Amino acid sequence: MEYIDLHAHMVSRTTDDYVQMAMTGCVALTEPAFWPGWDRSSADGFEDYFRQITDFEPKRAAQYGIRHYTWLCLNPKEGEDRALAREVLRRIPRYLDRPNVLGIGEIGLNRVTRNELATFRDHVELALEHDQLIHIHTPHLEDKHKGTRVIVETLLEYELDPGRVLIDHAEEHTLEMILGNGFWTGLTLYPQTKVSPERAIDMLEMHGTDRICVASACDWGPSVPVAVPQFILAMRRRGHPDALIRRVVFENPAEFLGQSPKFQLPEGRGMLAGAAA
Ligand SMILES: [Zn+2]
């Protein structure tokens, strides 16, 4: 089944992973800017990274028939450094016109500090100023609920369309506050921590499929680039019809991402329900 992986950090994956994703039906993916596992020493380091995800990585993905889109920001962890954040934010606009850039992300909070929140606000304002979609990371484990609440409350202070914002890494205890305020959300499927395919299916069975996407969030840690096809298999084993599965793995991300005129699927990939199921 064709699918779109809305959250994949391909800079930390090999070409073998692109092959696996292409062979299991991935037609497009989006790569949020992230923390690479170590702190960068300067704004120049971020610019090199922005060139990698706006130039090199889409070409690499194209060799496997996958459309590569991306989001730009200074991630929540490094966002603690306000001087660095200001300098990186000053440089981001020059990359926003690149053909594969859909918006600002993954911004958000890590330890929910005052500095992180200030950097988060700067990014939201930058996105609004440039009419960009927004992709948001929520903290993990004990900071998840509090961090998500602070993010939602902060966003509600702005005059923004919640339908143009996706708040990612949702779990059972944060899904309602995200969806209830009109935002999109993502369930990230991880082998060890975070959400398993079975937990994701439980949540979909309880909440329905509106404004919910799933993604692998594959990166440099333990993660599975083919987590979405694994989810598709788990959905089938639970007895869900292909039309419903396709809604979650293809039509929903296409609807959210399609709000950017830059988001185009490869030739011949239908957007209509059941068109290529
Ligand atoms: Zn991520």
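Residues numbered from 1 in each chain as written. Predicted model: local features only at pLDDT ≥ 70, side-chain atom pairs only at ≥ 80, totals over all residues.

Trainee: Help me understand the pairing of strand β3 (residues 67-72), please; the structure alone is not making it clear to me.
Mentor: Side-chain positions along a regular strand alternate between the two faces of the sheet. Across the six residues of β3, five count as buried, placing the element largely inside the fold. In this fold, strand β2 (residues 26-32) hands off to helix α2 (residues 43-62), which returns the chain to β3; that crossover is right-handed. Of the pairings in the sheet, the one linking β3 to strand β4 (residues 101-108) comprises three bridges and is parallel in character. Within β4, the position partnered with Leu72 by the bridge is Ile104. (Buried ≥ 20, exposed ≤ 12 C-beta atoms within 10 Å, placed from the backbone. Helix = DSSP H or I, 4+ residues; strand = E, 2+ residues; numbered from the N terminus. Right-handed = clockwise from strand over helix to strand, strands pointing away. Pairing = 2+ DSSP bridges.)

Trainee: Mind showing me how you'd approach unusual backbone geometry here?
Mentor: In most cases, non-glycine residues show a negative phi, while peptide bonds are predominantly trans. Residue Glu106 is reached from Gly105 by a cis peptide bond, and omega for that bond is -15°. For Glu106, the location among the structural elements is in strand β4. We note that His169 has phi near 55°; this positive angle belongs to a residue other than glycine. For His169, the position within the fold is in the loop between β6 (165-167) and α6 (175-179). Residue Arg211 is not a glycine yet carries a positive backbone phi of 60°. Its location among the elements puts Arg211 in the loop between α7 (197-207) and β8 (212-215).

Trainee: Sorry, what's going on with the confidence of the model for the protein chain here?
Mentor: Atom-level detail of predicted coordinates should not be read off regions where pLDDT is low. Averaged over every residue, the pLDDT of the protein chain is 94; residues scoring 70 or more account for 96%. Here residues 272-277 is a poorly scored stretch, pLDDT under 50, and it has eleven contacts once near neighbours within four places are set aside; other chains count. (pLDDT = per-residue confidence, 0-100. Contact = placed C-beta atoms within 7 Å.)

Trainee: Is there a simple way to think about helix α5 (residues 144-156) in this case?
Mentor: Each α-helix turn comprises 3.6 residues. Residues three or four places apart therefore point the same way. Under the 1.5 Å per step criterion, the end-to-end length of α5 is 18 Å for 13 residues, consistent within 8% with the ideal 18 Å. Inspection of α5 places Gly147, Thr148, Ile151, Val152 and Leu155 among the buried residues, and these make up the whole buried set. Seen from one end, α5 has its buried residues packed into an arc of 130°, which puts them on one side. (Expected span 1.5 Å × (residues − 1). Arc of directions from axis to C-beta.)

Trainee: For this particular structure, what's the right way to read the nonpolar core?
Mentor: Most often, soluble globular proteins have nonpolar side chains that are buried together. Formed by 76 residues in total, the largest nonpolar core has its most connected members in Ile4, Val214, Val228 and Val249. Per element, the largest residue contribution to this core is seven residues, and it comes from helix α9 (residues 242-257). Val228 has contacts with Tyr3, Asp5, Val214, Ala215, Ser216 and Val249, leaving out every residue within four places of it along the chain. (Core = buried A, V, L, I, M, F, W, Y, C linked by C-beta atoms within 7 Å.)

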